[in-house]
Amino acid sequence: MESYTSADRYAPVGVFDSGVGGLTVAREIMRQLPEERLVYFGDTARVPYGSKSRGTILRFVRQIVRFLETKQVKAIVVACNTASAYALDTIEKEIRLPIIGVVKPGAKTAAEVSRNGRIGVIATDATIGSGLYPQFIRSINPALQVFGKACPLFVPLVEEGMTHDFVTEEIARRYLKELQEKDIDTLILGCTHYPLLRSLIRGIMGDGVQLVNPAYETALGLRRLLEEKGILADRAPEGEEKYQYYVSDGAEKFQMIANSILPHQIRTTQVVDIENY
Ligand code: DGL
């Protein structure tokens, strides 16, 4: 059993993603755990992860974890579905820090809320290809049926700011058609960017389908993990920057998109040469 000191309680939580999308998870952590400091890293130089292989993603994640360790984080949140699906099980055996991903929490929520036992998952090619969502869901209840659909165009469309565009809506209709035919009553938004398309997806799927954003359950899971380890912050930091932002490239573009996702404006984003870690 790891031992933690009271100083660890006020150390930041490291949160990372392949780019800006993980801010939808960071935003939920800020909302549920307002006392916590966060160090966010977005791998904007190497996004997207969704089309890359397991080996490449694992190499990237190891570098990011090493970077976050230099920031003395007390825990790590893998706020990227693809990285959670491909790297979390390996990384958690390699480090001493508590670490949590987004796939398990999303799977758990979906298994709990589905009434007809038919669950859809939309995500990147890599996440769908990993088969991890169905695996977790069936480990909770083997009778549940899971239907996956990769939606690779959603990430660039969101990053281009086209969340309310008729082109995005047409593409979404095509992607979601086969899930509509499967009579699902629950749909997991299994990619960090998809909660930003929530109203569009809701409009297509209708009110009869519950949309699951894994970010909510992930923030709850983080609270449980920090409590368990005795390192949940009990007061907000004084005199320090509460949230720090780092990217591997394009700080300006990151900041522009980030400011439309987060409830506050980011003042500084630092660029890190992640290949050095
Ligand atoms: N963050 C990724 C995910 O949640 C989406 C973007 C990417 O492909 O890197 O799967």
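Above this text you will find the structure in question.
Residues numbered from 1 in each chain as written. Predicted model: local features only at pLDDT ≥ 70, side-chain atom pairs only at ≥ 80, totals over all residues. Heavy atoms only, no water.

Caption draft 1: Up close: the pattern of salt bridges. Under the counting rule described, the total for this entry stands at 16 salt bridges. A salt bridge links E275 to R46; the nearest nitrogen and oxygen atoms lie 3.0 Å apart. Within this pair, whereas E275 is found in the segment after β10 (270-271), its partner R46 is found in the loop between β2 (38-42) and α2 (54-70), the two being separated by 229 residues in sequence. Here E275 falls in the partly exposed class, since its relative accessible area comes to 42%. Its relative accessible area of 9% is what places R46 among the buried residues. Between E170 and R174 there is a salt bridge; the shortest N-O distance is 3.3 Å. Taken together, the residues E170 and R174, both in helix α8 (residues 166-180) and 4 residues apart, mark about one turn of the helix. A single network of salt bridges, built from pairs that share partners, joins D43, R46, R59 and E275. (Salt bridge = Lys/Arg side-chain N within 4 Å of Asp/Glu carboxyl O. Helix = DSSP H or I, 4+ residues; strand = E, 2+ residues; numbered from the N terminus. Buried < 20%, exposed > 50% of the residue type's maximum accessible area, 1.4 Å probe, protein only.)

Caption draft 2: The packing of aromatic side chains, seen in detail. With the rule as written, the count across this model stands at 9 aromatic pairs. Plain terms: the ring middles of F41 and F67 are 5.5 Å apart, the flat faces sit at 55° to each other, and that makes the pair tilted. Here F41 is found in strand β2, whereas its partner F67 is found in helix α2, with 26 residues between them in sequence. The class for F41 is buried, based on a relative accessible area of 0%. Measuring from ring centre to ring centre gives 6.4 Å for Y245 and F254, while their planes differ by 50°; the resulting arrangement is tilted. With relative accessibility at 4%, the residue Y245 sits in the buried group. A residue is classified by how much of its surface remains accessible, and F254, at 2% relative accessible area, is buried. (Phe/Tyr/Trp six-rings, centres within 6.5 Å; stacked < 30°, edge-to-face > 60°.)

Caption draft 3: Spatial organisation of α8. Its 15 residues place the ends of α8 19 Å apart at the C-alpha level, agreeing with the 21 Å of an ideal helix rising 1.5 Å per residue. Along α8, the largest kink reaches about 30° and is centred on R174. Considered for burial, the residues of α8 that qualify are T168, I171, A172, Y175, L176 and L179. Two or three places before V167, at the start of α8, stands the capping residue D165, its side-chain oxygen 2.8 Å from that residue's backbone nitrogen. (Expected span 1.5 Å × (residues − 1). Bend = angle between axes of the 7 residues up to and from the residue. Polar contact = N/O pair within 3.5 Å; in protein donor to acceptor, adjacent residues only side chain to side chain.)

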